[in-house]
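Okay, here's what each chain looks like letter by letter:
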Amino acid sequence: MVHNTAIEERSGLVERVVEYLRSGFDVNVVSAPGNGGSWFLHSLQAGLEEGDTEVVFLPRVGEQIPIPSAFTQFLEGNTKTPTQQPARTESTEYSYASPKAVRNFSTVQLVAHLARRVGNRPLVVIAENPQALTPTLRTVLTMYRQQARVNVIALSSQAQHRLIEDSSVIMVTLPTLSLDAIRNLLHAKLGAPLEPATLGRVYAKSGGLVAIAVSICEAARIERKLHLVDGEWAAKSNLWSDALIPLMMRYIEELEPEEIAGLETLAHAGTIEMEKSKSLIGVAVLERLELQGIVVSHQAQDRRWMSINPPLLQEMLLQTTPQARLGLPASAETISDSRIPQPTQSVHYRTRITPIAPSFLNLLARHKREELREAALGFRANATRENSLRYTAAMVGERVDPQEILAVIAEGMAAPGSDYHLAELTRWKAWLYGYCLHDIDKAEEILLHPENPVDFQQMLGATRIEMLLDLAQVPTDAAEYLRMDDSTAEEAWPVICHTLAAVHLNAGRPDKAAETLSLIAPGQPGVVDHTSEVLSGFVALELGDFERAFEIAYCGFERAMSELDEASLREHAHLLTLLLLIRGRSQEIVYLRELFDALGGPPLIPSTEYLGAIVFAIISARSVAEVKRMLKELEELRLPGGVMRSVYEEWGQARIAALEGARQLAAEACWRSAETLHKHGLVATAILSGTRSLDHRFDEDRYLLLKHWVVGVHSEYLLAYLEFVVAEHRADCEALITVLPRLAKTGRIEQTVRAYEQVILLLRGSGQIARAEQFERDEMMFLDSLEPGTHRAGKMEPVVAHLTEREREVAQLLVQGMTSQEVHKHLAISIRTVENHVHNIKQKLGVSKRSEAIEWLRLGCAQGWDPCRLEDDSQRPDKNYLDHSSPAGRFYSPSRRNYLGLPF
């Protein structure tokens, strides 16, 4: 009965709908826009027409007539070929009516004509849109139902309580397609398969909605973003295209301005808890958006999260301006971040980190479950060491109970297999004891056991050093112990090289680390060693090549998402979070922090990446309450060792002190952590923490000790920062000029801006006006070259003084956290008027997003002046004012863009 279709997994659903129809039910097919509902209806129509059933299809058209033209054509007899004409009996006289006659028929005449046309056989009316079932047509079908069987099928985005009068309605939800179905469909559409990484990206963006997936690929192919490589389509750049705007606008075209504003707010907030989303846009707006299916809620552990549906809609809201969505040219003031031309910068360097889509998390979870199932089947069928190793890794990824994993490891170690697989199982066993059971002594005993395979004893010793690094304990002879020679087993080289590179990085010797990583032989074609890649990113950062480090981190992060590799995803996200912290892109750090939460919390082995994500979030936090909340979360983690925990807590206290303006306390907390780190051999991190202590409050004795610590250190990232702090303290203009380009190359925006401001101040103070003006121009060029999100967009000119009285009132309420709906009620003005005021405020502030305007206004308040009440420049701080009491402790220049302080 059912025709073959490209969407094979829905053929069973077609058969089920046919059975519902035979039982006398009408069917409401509920499907999100873009989910291939129209394709499903055509498959259903083909199946019905194979039987003795008349089918009339009502397409989605913008008609406003009593009887749809498709139904009129059906009555006229123009919808079938001669071989498909209904059978006639000898007693039936039937002749086609003219179009004009049909359109002039009364309801009774239409029913009679329909009976003659169908011949009292079953009739199925398929409507691509419920609006096609006009009141007149509903009446005709209800009357005809008295003499013959009529079924109605309507496709809608939500449940329709009644399709026609006196009918029983069954609701059938059309599921989104699986990854395999999307793969087969796109293969048929494009003539070649998509390579797995690109397929994963397309599926995550589309959320499994077929029309969106097809449109993404077609647009990318036309715009040459998809390339055929070895017979497979591979994406070489971001798959977003402005050509997709009309498709995505269908989801918001009927929304009110307040709902669109709320949706944009949620887009920038990402996947957030329900309570937080309510506070951001209001309960009423959120409920309306959820009712329309534009936002969806999903349960993860003990919390409920909200996200935009489909994910590509969120990407459009982040990538485009309202003008672009309406097909209008965007002005210079409202051009979106992603559209600002920056030819001098790397594409990856400017890439934005967006919220993680729930569809991706579901896909990752499904992939991990499938891996665990296959590994379990393989191990039960053949309990070799290799299968045990694979099963162990899968169980660790799914956070199975450690004792259960140890049992599998024990069975695998007793099974036949190679010494390499035995050594790898030994490493997993030690990690479980050390990280999960918190028995470090037992873990060391396992790794140093004399009966371990002789050829892999150095590799197991390297694992011991790796664990000690995580516990902030670096053996003094680590580098000597890890020195390799020709007798070292080839399979052991990567582990030993990774550990030795980490030792060199901790000692501030990135050049040695790079040399060590170069010893690792390339793997199989297409296989990427993600640990080596992440270590290379840290090497690039310490060598001062921030842009290269960012490119490594971001490309690896995207690839890990595409390949559904959670281990690689965590490692790259750890590096990426640090780089975003350096650039001051705090909102994107929040997105990555949410990713670690959404992945299920801390992994079993290891805990370093998860811990680092919490610490970087603490360092970038903007409020004392936020820092305290994350410090409490840190206390609740059960992690091995106490050194790093105490260091992280000291950094948290330093951040709190800095936010409260207690610079002396911040300096003391940073210095205590520096001494602890140096005592345990973590030289590079100790220097970083000590330098930040001097940045908060300079101390000559501590500086002399730091000079001793940096002997033999070759990290440009550390040395440039230390030299800047000293030069700034001593007001050494020429030293600041020398260190300026080094700061910029290492990605330190905050220190670069401070250096520019100090140089300009000193040059003006010494009468070198022309030179100072040149540095002012250089500074503005530097600021304009930065990627969006690294600085406060608005220039602090007296533009707010030009706000009208009502605009000031609206701005004040926005700063207080009110939504447009709340402002509308508070001021007793229409919602449209509120939106107009918000639009004018954004234009006068020179920003394109509501969130940027609010952030700009709040920033001004934090700097000691009220932008909502400012009437003239007399209340504005002097241009050359140095605010030592502020948390950031830096130059405040009303003519320049401002930065939030970062402790590291």
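The model shown is predicted, which means the values in this text are computed figures rather than measured ones. (Residues numbered from 1 in each chain as written. Predicted model: local features only at pLDDT ≥ 70, side-chain atom pairs only at ≥ 80, totals over all residues. Heavy atoms only, no water.)

## Section: helix H32 (residues 663-679)
- Between the first and last C-alpha of H32 there are 24 Å, a value that for 17 residues agrees with the 24 Å anticipated at 1.5 Å per step.
- Those residues of H32 that fall on the buried side of the exposure criterion are Arg663, Ala666, Ala667, Ala669, Cys670, Trp671, Ser673, Ala674 and Leu677.
- Downstream of H32 by one or two residues, Gly681 has phi in the positive range, about 90°. (Helix = DSSP H or I, 4+ residues; strand = E, 2+ residues; numbered from the N terminus. Expected span 1.5 Å × (residues − 1). Buried < 20%, exposed > 50% of the residue type's maximum accessible area, 1.4 Å probe, protein only.)

## Re the sheet that holds strand E5 (residues 169-173)
- Strands sit in the order E2-E3-E4-E1-E5 across an open sheet of five strands; the sheet is parallel. The open sheet has two free edges, formed respectively by strand E2 (54-58) and E5, since each of these has just one partner strand. Mean inter-strand twist for the sheet, computed between neighbouring axes without regard to direction, equals 15°. (Pairing = 2+ DSSP bridges. Axes fitted to C-alpha atoms, helices over the stretch in contact; angles between N-to-C directions.)

## Here we look at the packing of aromatic side chains
- What the rule picks out here adds up to ten aromatic pairs.
- Between Phe71 and Phe74 the ring centres are 6.1 Å apart and the planes differ by 40°, which places this aromatic pair in the tilted class. Of this pair, Phe71 and Phe74 both sit in helix H3 (residues 69-76), three residues apart, roughly one helical turn. Phe74 carries the same exposure label as Phe71, and that label is buried.
- The interplanar angle of 50° and the centroid separation of 6.0 Å between the aromatic rings of Tyr420 and Phe456 together place this pair among those described as tilted. A residue pair is termed long-range when its members are at least 10 positions apart, and Tyr420 in helix H19 (residues 419-436) and Phe456 in the loop between helix H20 (440-447) and helix H21 (457-470) qualify at 36 residues.
- The exposure class of Tyr420 is partly exposed, given its relative accessible area of 25%.
- In this structure Phe456 comes out as buried when scored by relative accessible area, which is 5%.
- Clustering of aromatic rings is evident, with ring pairs tying together Tyr756, Phe775 and Phe782. (Phe/Tyr/Trp six-rings, centres within 6.5 Å; stacked < 30°, edge-to-face > 60°.)

## A short note on the packing of H3 against helix H5 (residues 107-118)
- At their nearest, the axes of H3 and H5 sit 9 Å apart, and the two run at 55° to each other. Taken as axis vectors, H3 and H5 run oblique relative to one another. Along the contact surface, H3 presents Phe71, Phe74 and Leu75, while H5 presents Leu110, His113, Leu114, Arg117 and Val118. (Parallel < 35°, antiparallel > 145°, perpendicular 65-115°, else oblique. Contact = heavy atoms within 4.5 Å.)

## Structural notes on the side chain of Ser693
- As for its placement among the helices and strands, Ser693 is situated in helix H33 (residues 683-696).
- Those residues in contact with Ser693 that sit more than four places away from it in its chain are Ala667, Cys670, Trp671 and Arg702.

## Here we look at helix H13 (residues 283-291)
- Those residues of H13 lying buried are Val285, Leu286 and Leu289. Here the buried residues of H13 occupy an arc of 100° about the axis, which is enough to place them on one side. Set apart from the buried face of H13 by more than 90 degrees, the exposed residues are Glu287 and Leu291.
- A positive phi of about 80° marks Gly293, the residue just after H13. (Arc of directions from axis to C-beta.)

Purely spatial values, then, with no claim about function.
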